[in-house]
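# Structure assessment
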Amino acid sequence: MDTAVTCEHVSKRFQLKKDRADSVGQLLYRMIPFRRGQRATTEPFWALRDVSFELKFGESLGIIGHNGAGKSTLLKILTRTMYPTQGSLAMRGKVSALIELGAGFHPDFTGRENIYLNASILGLTRREIAGKIPEIVEFSELEDFIDTPVKYYSSGMNARLGFAVATSVRPEILIVDEVLAVGDEGFQKKCMEKILSIKQEGVSILLVSHALNTIANLMDHALWIEHGEVQRYGDPQEVVKAYRAAEAQGETTIEADLRKVLASDRR
Amino acid sequence: MAVAQVGERLTVLERVLPHDLLRWVELIRNLAVRDVETRYKHSLLGLYWTLINPLVTALIFSFVFQDIFHATSKPIPYVVFLLSGLTFWNFFNNGVYSATSSVTGNAQLLAKLYFPRVVLPTAAVLARLIDFAFGLVILLVFFALYRVPLHWAGFILIAPILLLQVVFTMGIAFITSALNVLYRDMSQLIGLLLMVWMYMSPVMFHPSSAPAELRLVFYINPIGAMISAEKDLLFTGQVTHPLYLWFAVLWTFLVYAAGLRLFKRIEPLFAEVM
């Protein structure tokens, strides 16, 4: 089987500048020699460190980790909206992504107009998009609202439309963030079925989720990131098990901390 | 199968030519149409605003300059003279102005997926070309109303100069839109610069009525040279100062190449700064 995604030693460093010049005025002010005050201090922050994995066509990878673990940064690098500081990434094939709720939707435009805009970002021509409209409308169950501006959509409707567009453009690699969590259970199930069915057709799936059971049972591989570093990578059952074990331990330390605080309060 | 490599170095050709633009023509088209539509979707007068703005400007300026300062543009009625200058100037002005915030204003699109970001300022400039087309229609109506003879051959010859103007506008737009991501007051600054630039260009006056020293400015003011040539073609059917135009061609290529280079250089920072 061919490799769809190769992620090699990817690291991402952010410069947390204490005072970045946000305006030309500040920039000019910086240029004044011997001005008062300190030089701009920068603080490097590594959002990702040495993340490597590989994904073949028709395989799926679940990514888990706590908030702030670096999952979103990894996704941004995978969707090429951000560049890695170190390491390299190769995506072989058309990438489609469902990242943020309604990302890429323009609130003033109707569902139909947004389909055109979004699908053209994914590289489809007008005629191709027109051919896919019925499929998208049917899957998103928005028959009555497709010509309504997206700003009047509920978050569920938004997610449905986003998902329908992202999957119908025949991607070769599909990236899905937690957005599915907003849909109701029926729709979540429908989405999961769709994901698995396009995976059967040879599409690679990258799924970020807090739904550990989904990852453990439906994904081929799992990647657990914490503090920007890979904690575990491999069989999803084992990765999720390790994650749960760490989580249980983490909770006990939090409880212990809490008890300490309460005790000191009482004193 | 397209292999998208991140972190690899670009070849010299990729740096200079936006060849990926061709692949994204569809997206540019959609963005440009969306740009025009958003502007007028929830407004009462819709597209008519593109006509009302230059019309009112032309009327008020012609009152000030003709009736108060006694400017003339004989044998052409001053209103027609002014409106033709403004129509061409506004395309440049509005193109640069709306492109400046094209990257920052589309943060929600940037978050979605990779597409060459140059598409955004390009679409913003081309969207103004649609407005320009409406303005041109109004201009022709004024030619008819004031019975100013229009040189049709000259009118056709405007096309290549207009193309030059589009490319130049894009070059400036690449620079301002990229810098606006880093420094948000670029959009304030550009408004001011454009105003100075307009008075330095033969928009409201004929180059021959300007002092000789000022005429030298047109050598280094490509947009002024273009507008001057465009107006000459409309009124007389020939370009008075072709030399200025050759300078403008040179400037256009320089600005476009430099703008694209700067844009590509700042592009990797977009996601981090915004």
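On a predicted model such as this, the values are computed, not experimentally measured, just so you know.

## Digging into the interface of chain A and chain B
- Facing the 46 residues of chain A at the interface are 35 residues of chain B.
- Summed over the three residues of chain A that lose the most area to chain B, namely Arg80(A), Tyr83(A) and Ile121(A), the buried surface amounts to 19% of that side.
- The tally of links from chain A across to chain B stands at zero salt bridges.
- If you look at where chain A meets chain B, you find three residue pairs in polar contact (both at pLDDT 80 or more).
- Within the residue set of the side of chain A that touches chain B, elements represented by two or more residues are β1 (3-17), α1 (24-31), β4 (86-92), β5 (95-98) and α3 (111-121) of chain A.
- Tallying contributions element by element places α3(A) first for the side of chain A that touches chain B, with six residues.

## Looking at helix α12 (residues 242-266) of chain B
- The end-to-end C-alpha distance of α12(B) is 36 Å, a good match for the 36 Å that 25 residues give at a rise of 1.5 Å each.
- Residues of α12(B) that are buried: Tyr244(B), Leu245(B), Ala248(B), Thr252(B), Val255(B), Tyr256(B), Gly259(B), Leu260(B), Phe263(B), Lys264(B) and Ile266(B).

## Concerning the packing of aromatic side chains
Residues and elements named next belong to chain B.
- Under the criterion given, the structure shown has 18 aromatic pairs over all chains.
- Note on Phe88 and Phe132: the rings are 5.5 Å apart at their centroids and 50 degrees apart in plane angle, and the pair reads as tilted. Here the residue Phe88 occupies a position in helix α5 (residues 78-100), and Phe132 occupies one in helix α7 (residues 119-145), the gap between them amounting to 44 residues. Residue Phe88 shares its accessibility class with Phe132, and that shared class is buried.

## Overview of the confidence of the model for chain B
Residue and element names in this part refer to chain B.
- Across chain B, the average pLDDT comes to 83, with 89% of residues at 70 or higher.
- Model confidence for chain B, summarised as mean pLDDT per element, is weakest for helix α1 (residues 12-16) at 41 and strongest for helix α8 (residues 152-182) at 93.
- When the criterion is pLDDT under 50, residues 1-17 qualifies, and its contacts beyond four places in sequence or with other chains add up to 29 contacts.

## Focus: the layout of surface pockets
All names here are of chain B.
- As a volume, the second largest pocket reaches approximately 360 Å³.
- Along its surface, the second largest pocket is lined by 18 residues, and Thr50, Asn53, Pro54, Asn90 and Asn94 are the ones closest to its centre.
- Only α3 (25-41), α4 (48-68), α5 and α7 provide two or more residues apiece to the lining of the second largest pocket.
- Tallying contributions element by element places α4 first for the lining of the second largest pocket, with six residues.

Criteria and thresholds
Residues numbered from 1 in each chain as written. Chains lettered and ligands numbered in written order. Predicted model: local features only at pLDDT ≥ 70, side-chain atom pairs only at ≥ 80, totals over all residues. Heavy atoms only, no water. Contact = heavy atoms within 4.5 Å. Buried area = accessible area lost by both parts, 1.4 Å probe. Salt bridge = Lys/Arg side-chain N within 4 Å of Asp/Glu carboxyl O. Polar contact = N/O pair within 3.5 Å; in protein donor to acceptor, adjacent residues only side chain to side chain. Helix = DSSP H or I, 4+ residues; strand = E, 2+ residues; numbered from the N terminus. Expected span 1.5 Å × (residues − 1). Buried < 20%, exposed > 50% of the residue type's maximum accessible area, 1.4 Å probe, protein only. Phe/Tyr/Trp six-rings, centres within 6.5 Å; stacked < 30°, edge-to-face > 60°. pLDDT = per-residue confidence, 0-100. 1 Å grid on protein atoms, 1.4 Å probe; cavity = no way out; pocket = protein on both sides within 12 Å on 5 of 7 lines; lining within 4 Å. Points joined across faces, edges and corners; volume = space filled by probe spheres on them.

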